[in-house]
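A structural walkthrough
Each chain, written out:
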Amino acid sequence: MSKYNTNNLEGFNFKKEKIILLDRNIVIHIKKRLASEKNENMSAEEKYSLNERLKKIDKKFNRISPILSVIEGKNMRRESADEMRETLKEECEVIDKFFKYAKTDYNYFQQPDNFEAFVKTFTQHGEESFNDYVSFIKDVLQKKIIHQPVNPKDKITIENELFELAKKHSVSLSHPVFIVTLSVLYGNEDARKVINPKRNYQSDTAIENAAYNSVSDLIVLSRLGIIKATNKNIHIEYVSFDKGLSAIMKKIKRDSERNIEEGSIVKTEMNITFNREFFPCIDDENLNRIFERIIKNKTTRV
């Protein structure tokens, strides 16, 4: 469950438009295209594929938004209100300049009340456990317990260690950050691409950045739920060029998003279901054992 003052988003109404939310890597690519800079992080084939996809979504009945990229920020950490204002202004201008036919958020955020309501929502009432998730992933990466496929006889030991680390960092066992990490142990290669465990990192900062990136990817699930719960009648499409994350999202069903009012704060609650393919290298008996363990020890703080 994520906590935001979503009353501030009441005016952010997409009506019956198709809203297309871009991930940060795509926004960065668009910035480089506008500046005629080379994107060294992509092959020529990847750039061609992405550019073709951007053409396909540039339609007059679409509304294209960088808000998920803005929430993630560009400083590899949670941004202050002033930093978010700068990012929001910059990225809305970039998206509006790039797309020729689709609607964008530019005019909406030209209204000061709308602009400030968005910043207030996502700086004062962000995910309450975000830093715990980052600490958990950082610990997993530092301990090098899933940086390579684990010998079958050692998997229970590593599983136990992951459960202990989740407890140490107050991470809910039912949260995607934990489930996706656990699935790496049991053969989910798409999850491995998102968590991206390596044998060696150049520095502690590199580990911190890797952990932040992983959590920023996975937390998209709850951010999409927040937007959907506030705007029930919209069709949302999330566009990411992250193959691992895109594959994971196809194996997850998210539904029943709803807002629960608690005074001035509105909590967003949703159901997330992981399909059987999430744990490809484990039999049904052991998978049932794991989920019984999760249910038995599930924490409520997420």
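Residue positions are given per chain, counted from 1 along the sequence in the order it is written. Residues qualify for local features only when their pLDDT is at least 70, as the model is predicted, and side-chain atom pairs are given and counted only at 80 or more; totals for whole chains, interfaces and linings, by contrast, use all residues. The basis for every side-chain value is the complete set of non-hydrogen atoms in the structure, without hydrogens or water.

Turning to the overall build of the protein chain, a few remarks are in order. For the protein chain, the helix and strand inventory stands at 13 helices and seven strands. Counting over 302 residues, the protein chain shows a buried share of 52%. We call two residues in contact when some of their heavy atoms are within 4.5 Å. Looking at the protein chain alone, contacts between residues at least 24 apart form 77% of all its contacts between residues at least 6 apart. Under the scheme used here, helices are H or I runs from DSSP no shorter than 4 residues and strands are E runs no shorter than 2 residues, and both carry numbers assigned from the N terminus. For the exposure calls, accessible area comes from a 1.4 Å probe over protein chains only, and a residue counts as buried if that area is under 20% of its type's maximum, exposed if over 50%, partly exposed in between.

Pairing between strands requires that DSSP locate at least two bridges from one strand to the other. Here four strands make up an open sheet; going across it, the order is 4-3-2-5 and the pairing parallel. Of all the strands in the sheet, just strand 4 (103–104) and strand 5 (235–239) have a single pairing partner and so form its edges. One ladder, built from two bridges, connects strand 3 (residues 62–65) with strand 4; its direction is parallel. Note on strand 4: the bridge partner recorded for Ile64 is Thr104. Helix axes are fitted only over the stretch in contact, all axes being lines through C-alpha atoms; the angle between N-to-C directions runs from 0 to 180 degrees. Strands strand 2 (18–22), strand 3 and strand 5 of the sheet are contacted by helix 2 (residues 44–57), whose axis makes an angle of about 160 degrees with strand 5.

Take the side chain of Lys251 next. Tracing the backbone shows Lys251 in the loop between helix 12 (243–250) and strand 6 (252–262). Lys251 sits in the buried class, given a relative accessible area of 16%.

Only Phe, Tyr and Trp rings are paired, with Trp represented by its six-membered ring, and only when their centres lie within 6.5 Å; those with planes under 30 degrees apart are stacked, over 60 edge-to-face, the remainder tilted. Applying the stated criterion to the full structure yields 10 aromatic pairs. Look at Phe109 and Phe118: their rings are 5.4 Å apart centre to centre, the planes differ by 70 degrees, and that puts the pair in the edge-to-face class. Since its relative accessible area comes to 6%, Phe109 is described here as buried. By relative accessible area, which is 2% here, Phe118 ends up buried. Seen from their ring centres, Phe130 and Tyr212 are 5.5 Å apart, and the 65 degrees between their planes marks the pair as edge-to-face. Placement of Phe130 in helix 6 (residues 130–143) and of Tyr212 in helix 10 (residues 204–218) is noted, with a sequence separation of 82 residues between them. The ring of Tyr108 carries the charged tip of Arg63 above its face, separated from the ring centre by 5.8 Å. A cation over a ring is seen here: Arg78 above Phe130, with NZ or CZ 4.4 Å from the ring centre. Note on geometry: a ring has a charge over it if NZ (lysine) or CZ (arginine) is within 6 Å of the ring centre and within 35 degrees of the ring normal.

Further remarks concern the nonpolar core. Side chains that are nonpolar tend, in soluble globular proteins, to be buried together. The term nonpolar core refers to a set of buried residues drawn from Ala, Val, Leu, Ile, Met, Phe, Trp, Tyr and Cys, joined through side-chain atoms within 4.5 Å. Leu21, Phe118, Phe136, Phe178 and Leu182 are the most contacted members of the largest nonpolar core, which has 68 residues in total. Apart from residues lying up to four places away in sequence, Leu21 is in contact with Ser65, Ile67, Leu68, Leu224, Ile227, Ile236, Glu237, Tyr238 and Val239. One finds Leu22, Val27, Met42 and Ile64 within the second-largest nonpolar core, a separate group that totals 16 residues.

Moving on, we get to the pairing of strand 3. Every second residue of strand 3 is oriented toward a common face, with Asn62 and Ile64 on one face and Arg63 and Ser65 on the other, all of them buried. Examined bridge by bridge, strand 2 and strand 3 share four bridges and lie parallel to one another. Across the sheet, Leu21 pairs through a bridge with Ser65, a residue of strand 3.

Our focus in this paragraph is the pairing of strand 2. Here strand 2 lies mainly inside the structure; four of its five residues are buried. Sheet analysis places strand 2 next to strand 5, joined by five bridges and oriented parallel. From the neighbouring strand, Ile19 faces strand 5, where its bridge partner is Ile236.

Glancing now at helix 4 (residues 81–98). End to end, helix 4 covers 26 Å across 18 residues, agreeing with the expected 26 Å (1.5 Å per residue, within 8%). Taken together, the buried positions of helix 4 are occupied by Met84, Thr87, Leu88, Glu91, Cys92, Val94, Ile95 and Phe98. With its buried residues spanning 165 degrees around the axis, helix 4 presents them on a single face. The exposed residues of helix 4 that point more than 90 degrees off its buried face are Asp82 and Lys97. Expected span, for any helix, means 1.5 Å times one less than how many residues it has. Working note: the arc is built from the helix axis to C-beta atom directions.

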